[in-house]
Amino acid sequence: MPAISMTVNGEKVCGEVEGRTLLVEFIRNNLGKTGTHVGCDTSQCGACVVHVDGKAIKSCTALAVACDGASVDTIEGLAQNGKLHPMQEAFREHHGLQCGFCTPGMIMAGIDIVKRKGKKLKEETIREELEGNICRCTGYHNIVKAIQAGAAKM
Amino acid sequence: MYEFEYHRPKKLADAVKLIKSKKEGKLMSGGMTLIPTMKQRLASPTDVIDLSGLGNFGVSVSKTKVTIKAGTTHAEVASNSDLKKAVPALAALAGMIGDPHVRHRGTLGGSVANADPAADYPAALLALNAKVVTDSRTIEADKFFKGLFETALRANEIIKQVSFDIPAKSAYSKMPNPASRYAMVGVFVADFGNKGVRVGVTGAKGSAYREKAMEKALSADFSAGAIAGLKIKADDMNADIHASAEYRAHLVGVMAKRAVGAAK
Amino acid sequence: MSDTGIGARMQRKEDHRFITGKGRYTDDINLPGQAVGYFLRSPHAHAEIKKIDTRKAEKAPGVLCVLTGEDAAADNIGGVICGWMIHSKDGSPMKAGPHPVLAQGKVRHVGDQVAVVVAHTSAQAKAAAELINVTYKVLDANVDPVASQKRGAPQVHDVASRNTVFEWELGDKAATDAAFSSAAHVTTLDLVNNRLAPNAMEPRAAIGSYDAGEDHYTLYTTSQNPHVARLVISAFVGLAPEHKLRVIAPDVGGGFGSKIFIYAEEVVCLWASRRAGGVPVKWVADRSEAFLTDANGRDHVTRAELATDANGKILGLRAKTIANMGAYLSTFASSVPTYLYATLLSGQYNIPNIYAEVDAVYTNTSPVDAYRGAGRPEATYVVERLMETAARELNMDPAELRARNFINSFPHQTPVIMCYDAGDYSASQKKAMEMIDYAGFEKRKSAAARKGKLRGIGFSNYIEACGIAPSAAVGSLGAGVGLWESAEVRVNPVGTVEILTGSHSHGQGHETTFAQLVSDRLGIPADQVAIVHGDTDKVQFGMGTYGSRSGAVGMTAISKALDKIEAKAKKVAAHVMEASESDVEFKDGSFSVKGTDKKMAFGEVALSAYVAHKFPTSEIEPGLKEGAFHDPTNFTFPAGCHICELEVDADTGVTEIVDWVAVDDFGNIINPMIVEGQVHGGIAQGVGQALTEAVVYDEGGQLLTGSYMDYCMPRADNLPSFRLDFTKTECPSNPLGIKGCGEAGAIAAPAAVMNALTSALGVKDVPMPASPQNVWNAMAHLREAAE
Ligand SMILES: Cc1cc2nc3c(=O)[nH]c(=O)nc-3n(C[C@H](O)[C@H](O)[C@H](O)COP(=O)(O)OP(=O)(O)OC[C@H]3O[C@@H](n4cnc5c(N)ncnc54)[C@H](O)[C@@H]3O)c2cc1C
Ligand code: FES
Ligand code: FES
């Protein structure tokens, strides 16, 4: 089994994986970071979104071995020294979550949108950019508001 | 997923050697199609050769020509500033593929090699009269897309890059499948001035194709009106729960008109 | 109003763990030594099982055991049940076929579970499952609910001839027929209420763990009602008595009804753990499995008629519905197209005569049961589509036709069981019309036409019945259980409070709203209140969360227990402050003695109750803990008016919702932020039903919408932002005056969209979902007219 190492939320981690081990499996099973979720098997729901080398990707559709040496950020790494990331804060303030299952992926996607599109986001832009993230609870209304507000504070 | 051995060569020559030496090797670029397919156990390679270590990515734009390396992600194509000036339609098309996360990983080479009947790039490659350059030869787009998930690529042949001449104007118009957001119908129109107009259509049939009657009409008069009366035959169009053959045929006309109207 | 009391827009207490990735869902739990269960499922819609050969699979690497329906029968593992008895018109009981936890003799839908493989890893279990050799004799499939009752249709269950589970009726047929024969106008609609897949984003999962030392079972499961799961697994499946079975539903990632039901996989994980020698067995559905096996929603085919006099006064309503139950009767399936549906056919209107007939049928498709709204969306769809269509046929403004027929005195007894207790339907309609600028619609329509868009507007004045109670009433209608709720209030010696509730929160925010109630009543900050739920070992009993009942029923139980806490604390305070109990007042979190400056904070009284130094323990027991069971006296009746405005691209058939207003009457509101969120989510699911979603099977019973590639979930760009407001009539049947808000959006939305769409296109009906293709097909007449 290949041995891999990567930086996850700023910490060096290593492990042995099979070729077929998905990044999300490595994060959840090997590292015990269960904030990254799996909501589908066709790479569409976005519950599994993490950042790899600064870019949002679907960790259910990446091989862990292929991320050897990469820097990975998950929902668990956002808060720093007990202080929430502005995007996390905004989701709470604007009630951008209900059951919480899509939330880690939404927050990671939201931060990625800001990285690419800047802090001043139009509602329409956010809705388009969320194409790869499905939420069944909120009707997106408050997620859109949360991302808009979180972006402005980033 | 079945277990396989993973390889990540650094040089194209090594990749070629590896894929040829393995019993059932499979190339992987962004993995956005290959990994879901393997998860569903529809593909069971003994070896996966990951091309992402080759460093084979980038868009280069000269005065008359564009070359895009196979490993360039959809996100890179969508945001390349030179390409946005030279062929904005292609950058826009790349920005319509999947979602932001998919665009961060999925690549031109993977999409072209996969030849999904609903993929976006094939329409552009046909309309732009692109050349697909592999490790061993150059294949014209017209000869590349052969049928349902079928291309002119030989087993173990690796796409290196795609290149094409810059058209005077072009546009891509896409009617996404409401569920998958792949193209239910996508039409790429490229106007090469006195070299004529080419129209690539995806999503409508088993494989991307050129709508020659439209090309003829548009070469004479590049306006939406020129193709307004053109009847598109539904005979060999795809039909599924999302769109009947008749509806698809209708959409080819609508998307073509919109693309012509938007071309720049 | 305090920052954390009733009515406060308080941020949710549960959010911190979810936004930091610390939520704990079933799949996040791993027990030591745990193995993986993988289900081999039927590839056929309908087939006899001739033989199952598991020998090779049993010998495969890592396999602990392979179990089939024969093993279940040998171990006396009972099937899962349907807990609501419906009787047909002729008095005969419904014909429920067996629903074994693993198929016995026959498979009845694609995805039916045939065997389970337990192995150390998921890959090993899947690999072994490929070695199981099942010999099937494939039978013709019965997929179309309408055709299923025809002679010669393939029979799904032997007990149900013509695949008919029941032929049920409600209302006075003769009186209704008479009303129709005297009518000036009759509006008729043939409607299909499309089958939906609930799609909670967290797929179902279960971990069964058997402790041989204690002969005790623990089940972690994605359930909306863990106590009901325990009851069914004990009393009907017969796996273990209740005191030997603990069911834990930790964080649950959405339910919408689909996680109410007791599914075979949960039972099998428990049983397989015993068979595997006590190794915990975990199963997590992937999305494809969810599409094949989660109970679906809706799936009605209805002919509906509305009789009016010459002035648009409604004389009667008739509906004949065929309800598809799928291949098995799921836990509450039979109640949905009957008592949750036909009892709401009066809508918000004074309708003197109503008659409904419902035939429930088996087909070779996955089971159908309650999904957000459960029966009530189907009823609202019938009533509100009829109203709008009738208005058009009568050349009346649809708002005016509704206003003429609104019920405006309460209580109001409808001809279909329900007695509405309070409401003000014209207030919500009026407000909604102002908000959307109804008067300005024609202008907006012309402006849209200039852009080549067809613009439409549509109303939906829904009503629902929430709480699903009282127990005696539902019992008389066939429910197998009472539908009360329980609560326990534990005050700790320091004055902090734990609330144990039988409700379950899977997105609704109970940890916040329930704490607000306590904060309001006891005058302590909400962060000093913990809500405990979802564990049968901690909470004594409860009926769970569905039917928008957790507020009206669950919180009322808490409120009653708080009454008892207050009463006892007053006694304690009186002794400590050496005053007569009648002189002690409780206000803003402190007890004081009238006419003196003697005062004790709630926390001090709590401590005194535990210290028990200053009162006679022969009269007053030490401690401060009270419980209550609450059985409501009536359903609650939230209602409101939603108006949708949309534009259709005539070239492509693409529909865009451009505006949405919702004015709801939920009675008193505990936390407006949370209530608005519930409405948003409900509307989105309703819009999904109207525009994007459908479960589709081919003629052979193969599922064509088995993943998000083909099942179209509404995404952010399919939806607008919603404009919400509220009107209020307090609910008289509970002390909090609350009605419930969880399903309103999903109930209201489909009719609003389809009324708007049919108005835009000038057609009578478009099949749901109004996908671009269906809309384009519906515009054929416009294209012909243009040619
Ligand atoms: C949720 C989702 C939505 C999507 N939506 C769209 C959409 O709207 N439109 C669209 O067009 N596509 C869509 N796609 C597909 C996406 O564009 C993929 O990126 C693309 O089809 C494959 O590219 P890849 O780099 O990921 O290739 P891979 O998955 O790595 O490979 C795909 C195939 O190509 C072969 N291959 C890869 N590289 C080469 C090479 N250099 N030479 C020869 N063979 C090679 C592989 O062996 C494999 O058979 C979507 C995918 C997902 C997951
Ligand atoms: S789990 Fe990765 S996209 Fe659904
Ligand atoms: S909050 Fe439940 S799926 Fe988004």
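Everything that follows concerns the structure shown earlier in this document.
Sequence order sets the numbering: in each chain, residues are counted from 1 along the sequence as written. The naming scheme follows written order: chains are lettered A onward, ligands numbered 1 onward. Selection of residues for local features in this predicted model requires a pLDDT of at least 70, selection of side-chain atom pairs for listing and counting requires 80 or more, and totals for whole chains, interfaces and linings are taken over all residues. Calculation of side-chain values draws on the structure's entire complement of heavy atoms; hydrogens and water are dropped beforehand.

Caption draft 1: Here's a closer look at the packing of helix H2 (residues 86-93) of chain A against helix H3 (residues 103-117) of chain A. Residue and element names in this part refer to chain A. Axis lines are fitted through C-alpha atoms, for helices just across the contact stretch, and the angle between N-to-C directions can take any value from 0 to 180 degrees. A run of DSSP states H or I qualifies as a helix once it reaches four residues; a run of E qualifies as a strand once it reaches two. Both are numbered from the N-terminal end. Axis separation between H2 and H3 bottoms out at 10 Å; the angle between their running directions is 125°. Taken together, the axis directions place H2 and H3 in an arrangement best described as oblique. For H2 against H3, the interelement crossing comes out right-handed. Within the contact between the two elements, H2 uses Met87, Gln88 and Phe91 and H3 uses Thr103, Met106, Ile107, Gly110, Ile111 and Val114. Ten residue types, Ala, Val, Leu, Ile, Met, Phe, Trp, Tyr, Cys and Pro, are classed as nonpolar, four, Asp, Glu, Lys and Arg, as charged, and the remainder, Gly among them, as polar. Considered class by class, the residues forming the contact of H2 with H3 number six nonpolar, three polar and no charged. Angle categories: roughly parallel below 35 degrees, roughly antiparallel above 145, roughly perpendicular from 65 to 115, and oblique for all the rest. Each crossing is labelled by how the near helix is turned from the far one, with a counterclockwise turn of less than a right angle marking it left-handed and a clockwise turn marking it right-handed. In this analysis, two residues are considered to be in contact whenever any of their non-hydrogen atoms come within 4.5 Å of each other.

Caption draft 2: Helix H5 (residues 173-181) of chain C, seen in detail. Residue and element names in this part refer to chain C. Among the residues making up H5, those that are buried are Thr176, Ala179 and Phe180. For H5, the angular spread of buried residues about the axis comes to 100°, placing them on one side. Exposed and oriented more than 90 degrees from the buried face of H5 are Ala174 and Ser181. Looking at the packing, one finds that the buried side of H5 touches strand E8 (185-193), strand E13 (300-308), strand E14 (314-326) and strand E15 (354-362). Each residue gets one of three labels from its accessible area relative to the maximum for its type: buried under 20%, exposed over 50%, partly exposed in between, using a 1.4 Å probe on protein chains only. Arc, as used here, means the arc of the directions from the helix axis to the C-beta atoms.

Caption draft 3: How the structure looks around helix H18 (residues 744-761) of chain C. For H18 of chain C, with 18 residues, the first-to-last C-alpha span of 27 Å sits near the 26 Å given by 1.5 Å per residue. Taking burial as the measure, the 18 residues of H18 of chain C include 17 buried ones, the bulk of the element. Helix span is expected to be 1.5 Å times the residue number reduced by one.

Caption draft 4: Looking closely at the sheet that holds strand E10 (residues 159-165) of chain B. All names here are of chain B. Taken in spatial order, the five strands of this open sheet run E4-E5-E10-E6-E7, and their pairing is antiparallel. Two strands in the sheet have a free side with no partner beyond their single neighbour: strand E4 (59-61) and strand E7 (138-140). For this sheet, the mean inter-axis angle between neighbouring strands, taken without regard to orientation, is 20°. The pairing criterion is simple: DSSP has to find at least two bridges between the two strands. Taken together, the five bridges between strand E5 (residues 65-69) and E10 define a ladder with antiparallel strand orientation. Across the sheet, residue Val66 finds its bridge partner in E10, namely Phe164.

Caption draft 5: Representation of the interface of chain B and chain C in the model. In this complex, chain B contributes 20 residues to the contact, which on the side of chain C involves 22 residues. Buried area between chain B and chain C, both sides added, is near 1,700 Å², and the carbon and sulfur share of it is 52%. When two components associate, each loses some accessible surface as probed by a 1.4 Å sphere; the sum of these losses over both components is called the buried area. For chain B, the biggest contributors to the area lost against chain C are Arg181, Ile241 and Tyr247 of chain B; these three give 31% of the whole. Think of a salt bridge as a Lys or Arg side-chain nitrogen and an Asp or Glu carboxyl oxygen that are within 4 Å of each other. Here chain B is connected to chain C by four salt bridges. Residue Asp717 of chain C pairs with Arg181 of chain B through a salt bridge whose shortest N-O separation is 2.9 Å. Pairs of N or O atoms within 3.5 Å make up the polar contacts considered here, provided that, within protein, one atom can donate a hydrogen while the other can accept it, and that residues adjacent in sequence are counted only when both atoms are side-chain atoms. Put simply, chain B and chain C have 15 residue pairs in polar contact (both at pLDDT 80 or more) between them. At seven residues, helix H12 (residues 245-262) of chain B tops the list of elements feeding residues into the side of chain B that touches chain C. Partitioned by chemical class, the residues of the side of chain B that touches chain C number eleven nonpolar, five polar and four charged.

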